[in-house]
Amino acid sequence: MGILPVLFHLCSIDRKMLNAKDTLGSVACAIIEVILSATITLLAWDPHWSFRIKACGVSHLSDWYPIFYNPYPNYEESLHCSHEVVYPLYTIILAFYTIADVLMLLIRFVVHFVGFKVLKSVYSGLYFYPMLALCHLILGGIIHAIYPYSIIIGSVISCAYHFAKREDQAFKSLIVESIFDWRNAGIILCHWFLHAYGIISVTQLSEPTRDLSLLALVPAPTLLYIATVSFTDPSKLHGD
């Protein structure tokens, strides 16, 4: 849930089609805002001024939804005494989104007066932060259970979609544009970061030597698409 704001910011910035200077300024703002928000949230949480947090363990999916397990003594009246069993995995994310939203407004306005046109992407943040908070409240347990696999699957599909949108599907063109076009290079690096994050999330680095070696697979989806594009180009398929 902490990575999603950055991804949404980057998607919003990419759609605005800003010039290189303003795009880099907007990207830098988005990353700084999220990092600062995460840092402030962790330092403000118990124990204070530490990047460690005291948290209750998660054993079952039902731990995220104690409201459905209120006691019902003698089948007469339900006692509403549920608490945050997975503390602080609910409240800390909501606090993080609140701080990030406030910092977004403050930092973007300051940077705007410095000379960067970064206000165009503020409006999307005002929409997606409340939506992310609502999704976390409703689907927090499900997201916690599947996010490592969904990150890998989603990033692979998104990477393939990015390449499929290219007008020139020639092998050489895909390589040249991926290296020398700053927008394409940035998008590919973001996908590689998500691939690596997903692998680390799944393995938890329980066996560091084996698990870190899996990071060599990070460029695999990109290289596989480029290597096989000549065999899958729809323009080369002909009906009988």
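Up top you'll find the structure we're talking about.
Here the structure is a predicted model, which is why all the values come from computation and not from measurement.

1. A short note on the packing of aromatic side chains
The geometry of an aromatic ring pair is captured by two quantities: the separation of the ring centres and the angle between the planes.
Here is step 1: The final tally for this structure, using the stated rule, is seven aromatic pairs.
Here is step 2: With a centroid separation of 5.2 Å and 75° between ring planes, the pair formed by Trp64 and Tyr90 is classed as edge-to-face. In this pair, Trp64 is assigned in the loop between α2 (20–44) and α3 (91–114) and Tyr90 in the loop between α2 and α3, connecting sequence segments 26 residues apart.
Here is step 3: Exposure remark for Tyr90: the relative accessible area of 11% places this residue in the buried category.
Here is step 4: Between Phe163 and Tyr225 the ring centres are 5.3 Å apart and the planes differ by 25°, which places this aromatic pair in the stacked class. Within this pair, whereas Phe163 is found in helix α4 (residues 122–164), its partner Tyr225 is found in helix α8 (residues 220–232), the two being separated by 62 residues in sequence. Note on accessibility: Phe163 and Tyr225 belong to one class, buried.
Here is step 5: Three or more aromatic residues link up through ring pairs in this structure, and these residues are Phe8, Phe96, Tyr97, Phe128 and Tyr129.

2. Section: the nonpolar core
Soluble globular proteins tend to pack their nonpolar side chains together in the buried interior.
Here is step 1: One finds Val34, Tyr97 and Tyr129 to be the most contacted residues of the largest nonpolar core, which totals 16 residues.
Here is step 2: In terms of residues, this core owes the most to one element, α3, which gives seven residues.
Here is step 3: When neighbours within four sequence positions are excluded, Tyr129 is seen to be in contact with Pro5, His9, Val34, Tyr97, Ala100, Asp101 and Met104.

3. Digging into the pattern of salt bridges
Here is step 1: By the definition in use, this model includes five salt bridges.
Here is step 2: Residues Asp14 and Arg183 are paired through a salt bridge, measuring 2.7 Å at the closest nitrogen-oxygen approach. Of this pair, Asp14 sits in helix α1 (residues 4–16) while Arg183 sits in helix α6 (residues 182–203), placing them 169 residues apart in sequence.
Here is step 3: On the accessibility criterion, Asp14 (28% relative accessible area) is partly exposed.
Here is step 4: We classify Arg183 as partly exposed; its relative accessible area is 31%.
Here is step 5: The partner of Arg210 in a salt bridge is Asp211, with the nearest N and O atoms 2.8 Å apart.

4. Looking at unusual backbone geometry
Here is step 1: Residues Asp46 and Pro47 are joined by a peptide bond in cis, for which omega reads 0°.
Here is step 2: Here Pro47 lies in the loop between α2 and α3.
Here is step 3: Residue Tyr87 is joined to Pro88 through a cis peptide bond whose omega torsion reads 0°.
Here is step 4: Here Pro88 is to be found in the loop between α2 and α3.
Here is step 5: Even without a glycine there, the phi angle at Trp49 is positive, about 55°.
Here is step 6: Note on placement: Trp49 falls in the loop between α2 and α3.
Here is step 7: We classify Trp49 as exposed; its relative accessible area is 73%.
Here is step 8: In this model, Gln204 sits at a positive phi of 60°, which is unusual for a non-glycine residue.
Here is step 9: For Gln204, the location among the structural elements is in the loop between α6 and α7 (208–213).
Here is step 10: Relative accessible area serves as the criterion here: at 56%, Gln204 is assigned to the exposed category.

Cut-offs used in this document
Residues numbered from 1 in each chain as written. Predicted model: local features only at pLDDT ≥ 70, side-chain atom pairs only at ≥ 80, totals over all residues. Heavy atoms only, no water. Phe/Tyr/Trp six-rings, centres within 6.5 Å; stacked < 30°, edge-to-face > 60°. Helix = DSSP H or I, 4+ residues; strand = E, 2+ residues; numbered from the N terminus. Buried < 20%, exposed > 50% of the residue type's maximum accessible area, 1.4 Å probe, protein only. Core = buried A, V, L, I, M, F, W, Y, C linked by side-chain atoms within 4.5 Å. Contact = heavy atoms within 4.5 Å. Salt bridge = Lys/Arg side-chain N within 4 Å of Asp/Glu carboxyl O.

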